[in-house]
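Here's the letter readout for the chains.
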Amino acid sequence: LSAACHSRAPTYARAKLNAHFGPEEIMSNVDMNRLLDQEQAHEEKDLHRGLKERHVQLIAIGGAIGVGLFLGSGRAISRAGPGLMLSYAVGGLVIFFIMRALGELLLHRPVAGSFATFAEEYVGPWFGFATGWSYWFMWVVTGMAEITAAGVYFHYWFPDLPQWIPALGALAILYGVNLIAVGLFGELEFWFALVKVVAIVALLVIGLVVIIFGVSELGHTASFSNLWSHGGFFPTGVLGVVLTLQIVMFAYQGVELLGVTAGEAQNPDKTLPKATNSVIYRILVFYIGALLVIMSLVPWNEVNPGESPIVLVFDRIGIPYAAGIINFVVITAAASSCNSGVFSTGRMLYTLAQFGQAPRAFGKVNARHVPAMGISFSAAIMLLGVVLNYFVPERVFVYVTSVALVGSLWTWALIVISHLGYRRAVAAGEAQPVAYRMPGSPYTNWFVVASW
Amino acid sequence: MVAVFLGIDEGTRVALYVAPVWFAILGISYRIIQTRAPQPA
């Protein structure tokens, strides 16, 4: 066991214990769990559990609703028609299993490094290293794209304002907020998520009133039968539905952010299971519910791929300033994503530094218990996004965000593979079991891996 | 499956080219870190 533990031991912990006891001592007395328990205790002193339950709940919701639902769903609807709901349901099921696996691992060890730590512990040190850096890369790239997007959306109100000014302003504000305290990040994320939730709930309520009571001009044609009376439920065939899977998975990017909050969440034993368990209901209500209402209000073949379907239905219902309202919601969604990016990249660098897999300076926290160096470095890289606004065409960002999806797929796959390792460790008596368990494991783990 | 579909769309296909490069960079970096880290006897 000691040999196995030694080979799996984190580099930083190994180096630290070398300094204290010498390598001989490590070989005979120290096991992997003890090393990681020490790391966890070290993190408890460094970081501050400043995220309240309402923060964590809304971060879980906000992570599940991105810009993709407000803008990108037009393209997906035009490709798959009402069958898109099936695509979201299948993708949502995969995400549900990932989140349940993550929830179980988080209850076992609620640390900021989350999946990077789990990969290190249960798959191998290289996988921990690759997961931490890939996740960092994914959020840095997403942050670049989102601040650029925020600049583009500001053009709606200020057409003469150079695009880089709102992009720089947004990044500067979010950087400042993240440096002050984790509670302030949580507070900002709470309000960003609330704006998105209110927009979707408004769509659902107003849309259902129009469909059921036939109010407004759209009320004459709005009907649930629009879902099957324009070429059937699968108008572009099963292939059309299957081909939207990558768009769907793009939309779910960021849902795993909840894991990174674990190290700073108050009462993680209560908060995290509640938040992870409710992901499936949120996907059903916010994604499938919203699509059901949109395609009942307006037949799928009237949706323009380049246009927001939510703006289209609000316009047709007769809601004034519909485009302006959704533009505001999309700016908050972009800012929320960038805020999450600044937060999570700082924490990931902090964890990588703890394991000796990033410069040690990133492992230090400021007087407010925030990993300031990691945040500053990540924000500086995101700043390149502002610079790129000058020099590269918009298409480059499509490519860059596609690359970010690979980081997400890798992270999600490593979560369920780490979970398999955790279950094996529990069976061997090397790890403590937790009450919150992933259903159907190990079959559901392999189902998730196969879907990639 | 999703990885296969990334190859179908022109915009997302680039991810399949960049991913091996990214993981190769990670592999090399990890090797360098390992050789520099204090090694237990």
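Residues numbered from 1 in each chain as written. Chains lettered and ligands numbered in written order. Predicted model: local features only at pLDDT ≥ 70, side-chain atom pairs only at ≥ 80, totals over all residues. Heavy atoms only, no water.

Draft legend 1. Focus on the overall build of chain B. Within chain B one finds two helices and zero strands. Sorting the 41 residues of chain B into buried and exposed places 37% on the buried side. Looking at chain B as shown, the accessible area adds up to about 2,500 Å², and 69% of this sits on carbon and sulfur atoms. (Helix = DSSP H or I, 4+ residues; strand = E, 2+ residues; numbered from the N terminus. Buried < 20%, exposed > 50% of the residue type's maximum accessible area, 1.4 Å probe, protein only. Areas by Shrake-Rupley, 256 points an atom, 1.4 Å probe, with all protein chains shown as cover.)

Draft legend 2. Seen up close, the confidence of the model for chain A. All names here are of chain A. Averaged over all residues, the pLDDT of chain A is 81; the fraction at 70 or higher stands at 87%. Within chain A, the element-level pLDDT minimum falls on helix α1 (residues 2-8), averaging 37, and the maximum on helix α7 (residues 84-108), averaging 91. Contacts for the low-pLDDT stretch residues 1-30, under 50 throughout, to residues beyond four places or in other chains number 62 contacts. (pLDDT = per-residue confidence, 0-100. Contact = heavy atoms within 4.5 Å.)

Draft legend 3. Spotlight on the nonpolar core. The biggest cluster of nonpolar side chains holds 147 residues, and the ones touching the most others in it are Ile95, Leu297, Trp412 and Trp452 of chain A. The element that contributes the greatest number of residues to this core is helix α18 (residues 322-354) of chain A, accounting for 15 residues. (Core = buried A, V, L, I, M, F, W, Y, C linked by side-chain atoms within 4.5 Å.)

Draft legend 4. Local environment of the packing of α7 of chain A against helix α21 (residues 443-451) of chain A. Residues and elements named next belong to chain A. Running from N to C, α7 and α21 cross one another at 130 degrees; their axes reach a closest spacing of 10 Å. The angle between α7 and α21 falls in the class oblique. As α7 packs across α21, the resulting crossing turns out to be left-handed. Taken together, the residues of α21 that come into contact with α7 (itself represented by Leu93, Val94, Phe97 and Ile98) are Thr444, Phe447, Val448 and Ser451. Split into classes, the residues belonging to the contact of α7 with α21 amount to six nonpolar, two polar and no charged. (Axes fitted to C-alpha atoms, helices over the stretch in contact; angles between N-to-C directions. Parallel < 35°, antiparallel > 145°, perpendicular 65-115°, else oblique. Left-handed = near helix turned anticlockwise from the far one by under 90°. Nonpolar A, V, L, I, M, F, W, Y, C, P; charged D, E, K, R; others polar.)

Draft legend 5. Quick look at the packing of α7 of chain A against helix α8 (residues 114-122) of chain A. Residues and elements named next belong to chain A. Viewed as axis vectors pointing N to C, α7 and α8 meet at an angle of 80 degrees, and their least axial separation amounts to 11 Å. Taken together, the axis directions place α7 and α8 in an arrangement best described as roughly perpendicular. In this structure, α7 contributes Leu102, Leu105, Leu106 and His108 to the contact, and α8 contributes Ser114, Phe115, Phe118, Glu121 and Tyr122. Looking at the contact of α7 with α8 residue by residue, the classes come out as six nonpolar, two polar and one charged.

Draft legend 6. Main features of the packing of aromatic side chains. One pass over the structure, following the stated rule, counts 22 aromatic pairs over all chains. Taking 6.0 Å as the distance between ring centres and 90 degrees as the angle between the ring planes, the aromatic pair formed by tryptophan 126 of chain A and tryptophan 410 of chain A counts as edge-to-face. Placement of the pair is tryptophan 126 of chain A in helix α9 (residues 125-154) and tryptophan 410 of chain A in helix α20 (residues 395-427), with a sequence separation of 284 residues. Residue classification places tryptophan 410 of chain A among the buried positions, given a relative accessible area of 19%. Cluster of aromatic residues (ring-pair linked, three or more members): Trp126, Phe127 and Trp410 of chain A together with Phe23 of chain B. It is arginine 100 of chain A that lies over the ring of tyrosine 436 of chain A; its NZ or CZ is 4.3 Å from the centre. (Phe/Tyr/Trp six-rings, centres within 6.5 Å; stacked < 30°, edge-to-face > 60°. Lys NZ or Arg CZ within 6 Å of the ring centre and 35° of its normal.)

Draft legend 7. α8 of chain A, seen in detail. All names here are of chain A. Across the nine residues that make up α8, a large majority, nine, are buried. For α8, the full list of buried residues reads Ser114, Phe115, Ala116, Thr117, Phe118, Ala119, Glu120, Glu121 and Tyr122. Remark: glycine 124 follows α8 within two positions and exhibits a positive phi of approximately 160 degrees.

Draft legend 8. Molecular detail of the environment of glutamate 256 of chain A. Residue and element names in this part refer to chain A. Along the chain, the position of glutamate 256 falls in the loop between α13 (245-252) and α14 (257-261). In sequence terms glutamate 256 and tryptophan 412 are 156 residues apart; their C-alpha atoms lie 8.0 Å from each other. Each residue touching glutamate 256, except ones within four places of it in the same chain, is listed here: Met99, Leu102, Phe115, Tyr135, Met138, Trp139, Trp412 and Ile415. In this structure the side chain of glutamate 256 is engaged in a polar contact, spanning 2.7 Å, whose partner is the side chain of tyrosine 135. (Polar contact = N/O pair within 3.5 Å; in protein donor to acceptor, adjacent residues only side chain to side chain.)

Draft legend 9. Representation of α9 of chain A in the model. When the terminal C-alpha atoms of α9 of chain A are compared, their 43 Å separation across 30 residues agrees well with the 44 Å that a helix rising 1.5 Å per residue should span. Among the 30 residues that make up α9 of chain A, 25 are buried, leaving the element largely enclosed by the rest of the structure. (Expected span 1.5 Å × (residues − 1).)

Draft legend 10. Looking closely at the confidence of the model for chain B. Taken residue by residue, chain B gives an average pLDDT of 79. The fraction at 70 or more is 85%. Both confidence scores are given for the complex: pTM 0.83, ipTM 0.88.

Draft legend 11. The arrangement of the environment of tryptophan 452 of chain A in detail. Residue placement: tryptophan 452 of chain A occurs in the segment after α21. With 229 residues separating them along the chain, tryptophan 452 of chain A and serine 223 of chain A place their C-alpha atoms 36 Å apart.

Draft legend 12. Region of interest: the pattern of salt bridges. Residues and elements named next belong to chain A. Across all of its chains, the model carries three salt bridges over all chains by this definition. Close ionic contact of arginine 423 with glutamate 104 constitutes a salt bridge, the shortest N to O distance being 2.8 Å. With arginine 423 in helix α20 and glutamate 104 in helix α7, the pair connects residues that are 319 residues apart, well separated along the chain. Note on accessibility: arginine 423 and glutamate 104 belong to one class, buried. Notably, a salt bridge pairs glutamate 302 with arginine 316, separated by 2.6 Å at the nearest N-O pair. Of the two residues, glutamate 302 is situated in the loop between α16 (279-297) and α17 (309-317) and arginine 316 in helix α17; the sequence distance between them amounts to 14 residues. On the basis of relative accessibility, which here comes to 39%, the residue glutamate 302 falls in the partly exposed class. (Salt bridge = Lys/Arg side-chain N within 4 Å of Asp/Glu carboxyl O.)

Draft legend 13. Broad picture of unusual backbone geometry. All names here are of chain A. Proline 442 follows serine 441 through a cis peptide bond whose omega is 10 degrees. Even without being glycine, serine 216 reaches a positive phi, approximately 65 degrees. With respect to the element layout, serine 216 can be found in the loop between α11 (182-213) and α12 (237-243). Here tyrosine 321, not a glycine, exhibits a phi torsion of approximately 60 degrees, which is positive. Relative to the helices and strands, tyrosine 321 resides in the loop between α17 and α18. Taking relative accessible area as the criterion, tyrosine 321 reaches 72% and is therefore assigned exposed.

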